[in-house]
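Architecture and fold: a report
Residue-level listing of the chains:
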Amino acid sequence: MENCHKKLNCSICGSADLPEVLDLGVMPLANAFLDKESLDTEEPQFPLVVNFCPNCFLVQLGHVVDGELLFKNYHYTTSASAPLVQHFNKLADEIAGDYVKSPDDLVVEIGSNDGSLLSRIKDRCRVLGIDPADKITELAVARHVPTIHDFFSAKLAESVRSEFGPARVVVANNVMAHIDDIRDVFSGVKTLLADDGQFIFEVHWVGNLLTEGGFDQIYHEHLYYHSLHSVKALLDSLGMVVNDIRLVPIHGESMRVYASKSGESSVAVQDFLNREIEMGLTESSTYVNFSKKIESNKAKLVGLLSELKARGKKIVGYGASAKGNTLLNYFHIGSDVLDYITDTTPLKQGTYTPGTHIPVVSPEKIITDTPDYILLLSWNYADAIMEKEKDLRRQGVKFIIPVPDVRIV
Ligand code: DWN
């Protein structure tokens, strides 16, 4: 299959024993928004199958789509989501306050997107972003965040270290689930990191996906659905230490992992590992059973939307997220149900969603074209959005929140 290859071995431990635990069929790429002229062209679709490694407990996709196709013409910008910017501002302040010792210290961000995090601390230390996305890195440079326009790798780590010196901190948020050769990237981090440096990365936690978070976070960009068990197996194999672990309320719940070349592990690390065992995250049956929850959610949401449309209700989408596109495609919810989807990302406005071809418009549209119901596709920001849209709700507009269980608020 062009631009895609089958994964035969576990990306962390190399095991060939990779039982399939979930199959979502074939799907278009979740962030491959279309312009009007491309609507009639054939969209590439790829298998979305999830495998489990009983040896290191990594949950991983069975097929890998080429990174160039996924990330070069990228539409996602961190700054489009105010709650996410606030979250990264706090992390940036923690890095500058707790880890940066001198203005000459270097902080490197892998997957730096539009420079939202680094721009917060660029006057307090040396910063360097690394990201492969064409338009997005231009946004970072425009805000004076020095950025290397490339994929991170062990080879790039060598040249960055020789040019800029060792990094006091390497930070990577929502990127360590996206990289095929994860061993190469983690070894590159170890190369780049100063001997007393700190590696801090956030990844969506598979424990949340199975409970509160949605299956809709399973899409081709996300090659891995990490547990602490799986990331610790990788770090251990590279001679690195998990110093600490925290859960943060991003994309449902994400793990923020603190790792380094030395030092101790906090009590929280073993406690978290024990919690994962109790949740069944080291058992393949847990993931097989998850598919039943998805089908139940599908029946409830599709049933509700059909009933509302039969009653002549006007329904639109809110937040043209990658997770939203996965949900719409897997549940076959198209423009016959949603008139349009609003989104705060300028790059997405004026495009059409992959597979379902629903127009993406500016949030202002809702003021002049008020719907009866809004399907919240960016449910991970529900609290902030309910607050932001309280006037709409006072007018009687109802929000449908699809994850973890369908509810109308
Ligand atoms: O790993 C990834 C995750 C972390 O972010 C990437 N693969 C791509 C992306 O996934 P996503 O698109 O599901 O992420 P979000 O942050 O849930 O996307 C939210 C979307 O909703 C953005 O396009 C912005 C938009 N939005 C909005 O229209 N109004 C967001 C907020 C908060 C709003 O008020």
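**A word on the overall build of the protein chain**
Looking only at helices and strands, the protein chain has 14 helices and 19 strands in total. Taking 22 Å as the expected radius of gyration for a compact globule of 409 residues, we find that the protein chain reaches 21 Å, a close match to that expectation. For the protein chain, the spread of C-alpha atoms along the principal axes amounts to about 65 × 45 × 40 Å. For the protein chain, the proportion of its 409 residues judged to be buried stands at 58%.

**Topic: the site of the ligand**
As a matter of local geometry, the ligand sits amid 26 residues, with Glu-221, Lys-323, Asp-343, Lys-348 and Lys-388 nearest to it. With respect to the ligand, the side chain of Tyr-74 contributes an N or O atom lying 3.5 Å from a nitrogen atom. At 2.8 Å from an oxygen atom of the ligand is found a main-chain nitrogen or oxygen belonging to Ala-322. Calculation on the ligand without its partners gives an accessible area of 700 Å², and the protein chains cover 97% of this total. Both of domain 1 (1–304) and domain 2 (305–408) provide at least three residues apiece to the shell around the ligand.

**With respect to the domain arrangement of the protein chain**
For the protein chain, the assigned domains read domain 1 (1–304) and domain 2 (305–408). The interface is formed by 45 residues belonging to domain 1 together with 38 residues belonging to domain 2. Looking at the side of domain 1 facing domain 2, the largest losses of area belong to Phe-33, Leu-301 and Leu-304, adding up to 21% of the total buried there. At the junction of domain 1 with domain 2, the criterion picks out zero salt bridges. Listed by contribution, the elements that provide at least two residues to the side of domain 1 that touches domain 2 are β2 (20–28), α2 (82–98), α4 (134–142) and α10 (284–310). Sort the elements by how many residues they give to the side of domain 1 that touches domain 2 and α10 lands first, with 10 residues.

**Focus on the packing of helix α6 (residues 182–192) against helix α8 (residues 228–237)**
The contact between α6 and α8 brings their axes to 10 Å, and the two run at 60°. Here α8 runs oblique to α6, going by the angle between their axes. Seen along the crossing, α6 lies across α8 with a hand that is right-handed. On α8, the residues touching Ile-182, Arg-183 and Phe-186 of α6 are Leu-234, Leu-235 and Ser-237. Looking at the contact of α6 with α8 residue by residue, the classes come out as four nonpolar, one polar and one charged.

**Considerations on the environment of Leu-238**
Within the secondary structure layout, Leu-238 lies in the loop between α8 and β12 (241–248). As for Leu-238 and Lys-190, which are separated by 48 residues in sequence, their C-alpha atoms are 8.2 Å apart. Residues contacting Leu-238, with those up to four places away along its chain left out, are Arg-183, Phe-186, Ser-187 and Lys-190.

**A closer look at the nonpolar core**
Met-176, Phe-186, Phe-199, Phe-201 and Ile-218 are the most contacted members of the largest nonpolar core, which has 89 residues in total. With seven residues, the single largest contributor to this core is α10. Each of domain 1 (1–304) and domain 2 (305–408) contributes no fewer than three residues to this core. The contacts of Ile-218, once residues within four sequence positions are left out, are Leu-22, Leu-24, Leu-48, Val-50, Leu-61, Leu-209, Tyr-225, Phe-290 and Thr-326. Counting 39 residues, the second largest nonpolar core, distinct from the first, contains Val-169, Ile-366, Tyr-381 and Val-403.

**Topic: the packing of α8 against helix α9 (residues 267–279)**
Contact pair α8 / α9: the axes reach a minimum separation of 9 Å and the direction vectors enclose 130°. Judged on the interaxial angle alone, α9 and α8 are oblique. Of the residues in α9, those in contact with Leu-228, His-229 and Lys-232 of α8 are Val-269, Phe-272, Leu-273, Glu-276 and Ile-277. Here the residues of the contact of α8 with α9 sort into five nonpolar, one polar and two charged.

**A closer look at unusual backbone geometry**
Going from Val-403 to Pro-404, the amide bond is cis rather than trans, its omega being 0°. Summarising the element assignment, Pro-404 is placed in the loop between β18 (398–401) and β19 (407–408). Within the chain, Asn-174 stands out as a residue other than glycine whose phi angle is a positive 55°. With respect to the element layout, Asn-174 can be found in the loop between β9 (167–173) and α6. With a phi close to 55°, His-357 is a non-glycine residue in the positive phi region. Topologically, His-357 is positioned in the loop between β15 (341–342) and β16 (360–361).

**Quick notes on the side chain of Thr-326**
Here Thr-326 lies in helix α11 (residues 322–330). With residues near it in sequence (within four places) discarded, Thr-326 still touches Met-27, Ala-30, Phe-215, Asp-216, Ile-218 and Tyr-219.

**A short note on the sheet that holds strand β8 (residues 147–148)**
Spatially, β8-β7-β6-β9-β10-β13-β12 is the arrangement adopted by the seven strands of the open sheet, whose pairing is mixed. Strands at the two margins of the open sheet, each flanked by one partner only, are β8 and β12. Sheet topology places strand β7 (residues 126–130) next to β8; two bridges connect them, and they run parallel. Looking across to β8, one finds that Ile-130 is bridged to Ile-148.

**What to know about the sheet that holds β2**
In space, the four strands of this open sheet follow the order β2-β3-β4-β11, with antiparallel pairing throughout. On the outer flanks of this sheet lie β2 and β11 (224–225), each paired with one strand and no other. As judged from the three bridges shared by strand β3 (residues 45–52) and strand β4 (residues 59–61), these two strands associate in the antiparallel manner. Looking at β4, one finds that Val-50 is bridged to Leu-61.

Calculation notes
Residues numbered from 1 in each chain as written. Predicted model: local features only at pLDDT ≥ 70, side-chain atom pairs only at ≥ 80, totals over all residues. Heavy atoms only, no water. Helix = DSSP H or I, 4+ residues; strand = E, 2+ residues; numbered from the N terminus. Rg over C-alpha atoms; globule rule 2.2 N^0.38 Å. Buried < 20%, exposed > 50% of the residue type's maximum accessible area, 1.4 Å probe, protein only. Near = heavy atom within 4 Å. Polar contact = N/O pair within 3.5 Å; in protein donor to acceptor, adjacent residues only side chain to side chain. Areas by Shrake-Rupley, 256 points an atom, 1.4 Å probe, with all protein chains shown as cover. Domains from an automatic or database assignment. Contact = heavy atoms within 4.5 Å. Buried area = accessible area lost by both parts, 1.4 Å probe. Salt bridge = Lys/Arg side-chain N within 4 Å of Asp/Glu carboxyl O. Axes fitted to C-alpha atoms, helices over the stretch in contact; angles between N-to-C directions. Parallel < 35°, antiparallel > 145°, perpendicular 65-115°, else oblique. Left-handed = near helix turned anticlockwise from the far one by under 90°. Nonpolar A, V, L, I, M, F, W, Y, C, P; charged D, E, K, R; others polar. Core = buried A, V, L, I, M, F, W, Y, C linked by side-chain atoms within 4.5 Å. Pairing = 2+ DSSP bridges.

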